[in-house]
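# Commentary on secondary and tertiary structure
What follows is the residue order along each chain.
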Amino acid sequence: MRPRRSPQLAFALKSQPRWGGRREGAGRKSGERPLVRHLPRASFRGALPAHVTLRLRAGLPSLRTVRLVREIEHSFAAGHERQGFRLVHYSLQGNHAHLVVEAQDRHALGRGMMAVAARLARAVNRATNRSGRVLADRYHVRMLSTPREVHRALRYVLLNARRHAGRLRAAKGSVRLDPASSARWFDGWRGEEARMELSSVGAPAVASARTWLLTVGWRRYGLLDPADVPG
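Below you will find a few notes about this structure.

Cut-offs applied
Residues numbered from 1 in each chain as written. Predicted model: local features only at pLDDT ≥ 70, side-chain atom pairs only at ≥ 80, totals over all residues. Heavy atoms only, no water. Helix = DSSP H or I, 4+ residues; strand = E, 2+ residues; numbered from the N terminus. Contact = heavy atoms within 4.5 Å. Areas by Shrake-Rupley, 256 points an atom, 1.4 Å probe, with all protein chains shown as cover. Pairing = 2+ DSSP bridges. Axes fitted to C-alpha atoms, helices over the stretch in contact; angles between N-to-C directions. Expected span 1.5 Å × (residues − 1). Phe/Tyr/Trp six-rings, centres within 6.5 Å; stacked < 30°, edge-to-face > 60°. Buried < 20%, exposed > 50% of the residue type's maximum accessible area, 1.4 Å probe, protein only.

It is worth spelling out the overall build of the protein chain at this point. From N to C terminus, the protein chain includes six helices and five strands. A sequence separation of at least 24 residues applies to 76% of the contacts in the protein chain between residues at least 6 apart. Accessible area for the protein chain stands at about 15000 Å²; split by element, carbon and sulfur atoms hold 50% of it.

Shown next as C-alpha cells:
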C-alpha cells in the first residue's frame, strides 16, 4: 500500500516591495515652476564667460531689501575670485540672482559656483537672523561663447531691474544704475550720466574680467544704454 499524499496548499503571499528601477508615480512632483533638471554640465576648454541664475526658496525676503543687498555685496567682495573662477557681474532680484562669471573649465565652474552660492546663502541667513536652506535648487548655467551672446547677457543681467520695473509699468524715465547689482563697476555704459555715477563708487564687489569676450569682444555690438529695458 502506498501512503496517501496530502494535497499541496496554496498560500496568498504579499509581493515584496521593489526598491530599484522605474516605478509609476515615484519621484518628486513638478510644480508650477519645474526645478533645474540634473543633466551633466557642458564641458569646455579654455576660459569662458557664463550666465548663471540662482533661485531662492519660497518665503524668504526679497534680495533687493537694503540690508540683504549690503550683506551680499560685502560677502561677494570678500570672495569674488578663486583659482580658475571669477565673479564678474551680478544683479539681485526679488527671488533670484543673475551672475556673469568666468571659469577656466567645468570643474572650476562647479567649485566656484558652490562657493558663491554658499556665500549668498550665508549672507541671507545673517541678514534675516535665520538658519537653514536658502536656495531652491542647483544653479542654472548657460555658457557664452560669442561676442553677441556676451553682449546680450550683460544687457540682460545689468538692466534686469528695469526689465521687471517695465512689467510693473513703473516709471522708465530714471537712468540711475541699479544699486542691487554690479552696474556701478561696469565700464561699458553709454552716456555721461552713468559715467558721472561711476566716479563716486568705492571698492568693487566683483572681479575684473580677463577673457577676451568679456573685455573686448562684446563691445563690437556697442556700449550699453543705462536707459534700455531688456526684452
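We are not done yet, so read on.
What follows deals with the sheet that holds strand β5 (residues 140–143). Here five strands make up an open sheet; going across it, the order is β2-β3-β4-β1-β5 and the pairing antiparallel. The open sheet has two edge strands, β2 (81–82) and β5, and neither has a second partner. The sheet contact formed by strand β3 (residues 85–92) and strand β4 (residues 96–103) spans seven bridges and is antiparallel. When the bridges of β4 are listed, Tyr90 appears paired with Leu99. Its contacts with the sheet place helix α2 (residues 106–128) against β1 (48–55), β2, β3, β4 and β5, and it is angled at close to 145 degrees to β4.

The end-to-end C-alpha distance of helix α1 (residues 66–78), which contains 13 residues, comes to 19 Å, matching closely the 18 Å that a straight helix rising 1.5 Å per residue would cover. Where α1 is buried, its residues touch β3 and α2.

Tallied over the full model, the rule gives three aromatic pairs. Aromatic pair Phe76 and Tyr90: ring centres 5.2 Å apart, planes at 75 degrees, arrangement edge-to-face. Placement of Phe76 in helix α1 and of Tyr90 in strand β3 is noted, with a sequence separation of 14 residues between them. A centroid spacing of 5.2 Å and a plane angle of 85 degrees characterise the contact between Phe186 and Trp189, whose relative ring orientation is edge-to-face. Of the two residues, Phe186 and Trp189, neither departs from the other in class, the shared state being buried. In this structure an aromatic cluster arises from ring pairing among Phe186, Trp189 and Trp218.

On their own, these measurements won't tell you what the molecule is for.
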